[in-house]
Amino acid sequence: MIRRDWWTLAALLGSLTLLTAAPAAAQGTFSSGSTGADGALAPGGNVTIPLPPSGVFNYTTISLPPGVTVTFTRNAANTPVTLLASGDVSIGGTITLDGQVGGDGSLSIQLQPNGGRGGPGGSDGGTGANGLLTLTSASGLGPGGGPGGPPGGPRAAGHLVPGNSHAGTGDGTGGLAYGTTTLLPLLGGSGGAGGGLNLTGHTGGGGGGGGGAILIASSGTLTLTGTISARGGNGGASPYDGGQGSGGSGGSGGAVRLIATTLTG
């Protein structure tokens, strides 16, 4: 049998680019390393699963039917999600690890953070500036977090490539590129910068959270006919009509790596 790896890596503003590779033929079948201790994952409806401290699940089989969505709650260490299966995996529904949208800006002062939360393994967006303490926004978290600053265009997070500035015009500086196309190590997306302000007494939009990261490994056949989504969240809206550069920036998308003896779908 030929073991195949499918690699999905984040690009800008939550968009995803699919990269595929077929390594040389391996002897025998691929082993996921699953102990099977967590039994079978076969939800009959939408479910949110808390991640254990390690982020690793040891299933026998995984069967996700169409119309069913699985999400995960981040653990304290914010690790990626790792799903190991000793048997077959079938994904006909949806697995979502999207970063959250940043909070919208306001014409009043808001002191609480409004950056979007990253998906499991992804980083949070930066808080928009508030007119009481500062006119400068906070940077997004993560290795490619969008740099905060005064108004000057959204500063999107980077991942495989640098983050975009506003509409690609160079107005503002995007986050740094990081990671590899092989997804080793497996890294989630970074948060976008919050929006800066020109005026006191207001609040800029929060940056979007970075998409999460997931590895699914099957010792048998992995069939994917559904959706695995690890998009970065959009930045929150500017409090002003016409924008004026005070909206938050988008988080970068995360990473999805699929490994199996046979991949189909």
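Throughout what follows, the structure given in this document is the object of discussion. (Residues numbered from 1 in each chain as written. Predicted model: local features only at pLDDT ≥ 70, side-chain atom pairs only at ≥ 80, totals over all residues. Heavy atoms only, no water.)

Bringing the overall build of the protein chain into the picture now. When you go through the protein chain residue by residue, the secondary structure sums to zero helices and 12 strands. Ordered by position in the sequence, the α and β elements of the protein chain form the string β-β-β-β-β-β-β-β-β-β-β-β. Counting over 265 residues, the protein chain shows a buried share of 52%. Taking contacts inside the protein chain between residues at least 6 apart in sequence as the whole, the part at least 24 apart equals 68%. (Helix = DSSP H or I, 4+ residues; strand = E, 2+ residues; numbered from the N terminus. Buried < 20%, exposed > 50% of the residue type's maximum accessible area, 1.4 Å probe, protein only. Contact = heavy atoms within 4.5 Å.)

Okay, the sheet that holds strand S11 (residues 227–229) next. Read across the sheet, four strands follow the order S3-S6-S9-S11 without closing on themselves; strand pairing throughout is parallel. Sheet topology places strand S3 (47–50) and S11 at the edges, where each strand pairs with a single neighbour. Across the sheet, the mean angle separating the axes of adjacent strands is 20° when strand polarity is ignored. Where strand S9 (residues 94–96) and S11 come together, three bridges link them in parallel fashion. Looking at S11, one finds that Thr96 is bridged to Ser229. (Pairing = 2+ DSSP bridges. Axes fitted to C-alpha atoms, helices over the stretch in contact; angles between N-to-C directions.)

For the rest of this paragraph, the subject is the side chain of Thr261. Note on placement: Thr261 falls in strand S12 (residues 255–264). Its relative accessible area of 5% is what places Thr261 among the buried residues.

The tally for this structure, following the rule as stated, stands at two aromatic pairs. Pairing Phe57 with Phe72 gives two aromatic rings, centres 6.3 Å apart and planes at 40°, and the pair type is tilted. Pair noted here: Phe57 is in strand S4 (residues 56–59) and Phe72 is in strand S6 (residues 69–73), with a separation of 15 residues, a long-range link. Accessibility assignment for this pair places Phe57 and Phe72 in one class, buried. Here a set of aromatic residues connected by ring pairs shows up, and it is made of Phe57, Tyr59 and Phe72. (Phe/Tyr/Trp six-rings, centres within 6.5 Å; stacked < 30°, edge-to-face > 60°.)

This brings us to the pairing of S12. Buried residues dominate S12, accounting for eight of its 10 residues. Pairing between strand S10 (residues 213–224) and S12: nine bridges, direction parallel. Paired with Thr223 across the two strands is Thr264, which belongs to S12.

The next subject is the side chain of Ser219. Positionally, Ser219 belongs in strand S10. Judged by its relative accessible area of 18%, Ser219 is buried.

To continue, consider the nonpolar core. Most often, soluble globular proteins have nonpolar side chains that are buried together. Core analysis: the largest hydrophobic core is formed by 27 residues, its most contacted members being Phe72, Leu83, Ile95, Ile214, Ile216 and Ile228. Elements with a contribution of two residues or more to this core: S4, strand S5 (62–64), S6, strand S7 (81–85), strand S8 (89–91), S10 and S12. (Core = buried A, V, L, I, M, F, W, Y, C linked by side-chain atoms within 4.5 Å.)

A cis amide bond, omega 0°, links Leu184 with the succeeding residue Pro185. Looking at where Pro185 falls in the secondary structure, it is placed in the loop between S9 and S10. The residue Leu183 is not glycine, and still its phi comes out positive at about 60°. Along the polypeptide, Leu183 turns up in the loop between S9 and S10. Overall, Leu183 belongs to the buried group, its relative accessible area being 3%.

Moving on, we come to the pattern of salt bridges. Scanning the entire structure with this criterion turns up one salt bridge. Where Asp124 meets Arg74, a salt bridge forms, and the shortest distance between an N and an O atom there is 3.0 Å. Of the two residues, Asp124 is situated in the loop between S9 and S10 and Arg74 in the loop between S6 and S7; the sequence distance between them amounts to 50 residues. Using a relative accessible area of 17% as the deciding quantity, one classes Arg74 as buried. (Salt bridge = Lys/Arg side-chain N within 4 Å of Asp/Glu carboxyl O.)

This next bit is on a nonpolar patch on the surface. Residues Ile109, Leu111, Leu132 and Leu133 make up a contiguous nonpolar surface patch of about 420 Å² in total accessible area. In this fold, Ile109 is placed in the loop between S9 and S10. (Patch = residues over 30% accessible without salt bridge, like charges linked within 9 Å, V, L, I, M, F, W, Y side chains within 5 Å. Areas by Shrake-Rupley, 256 points an atom, 1.4 Å probe, with all protein chains shown as cover.)

Here we take up the environment of Thr262. Mapping Thr262 onto the fold places it in strand S12. By relative accessible area, Thr262 is classed as partly exposed at 26%. Separated by 43 residues in the primary sequence, Thr262 and Ser219 have C-alpha atoms spaced 8.5 Å apart.

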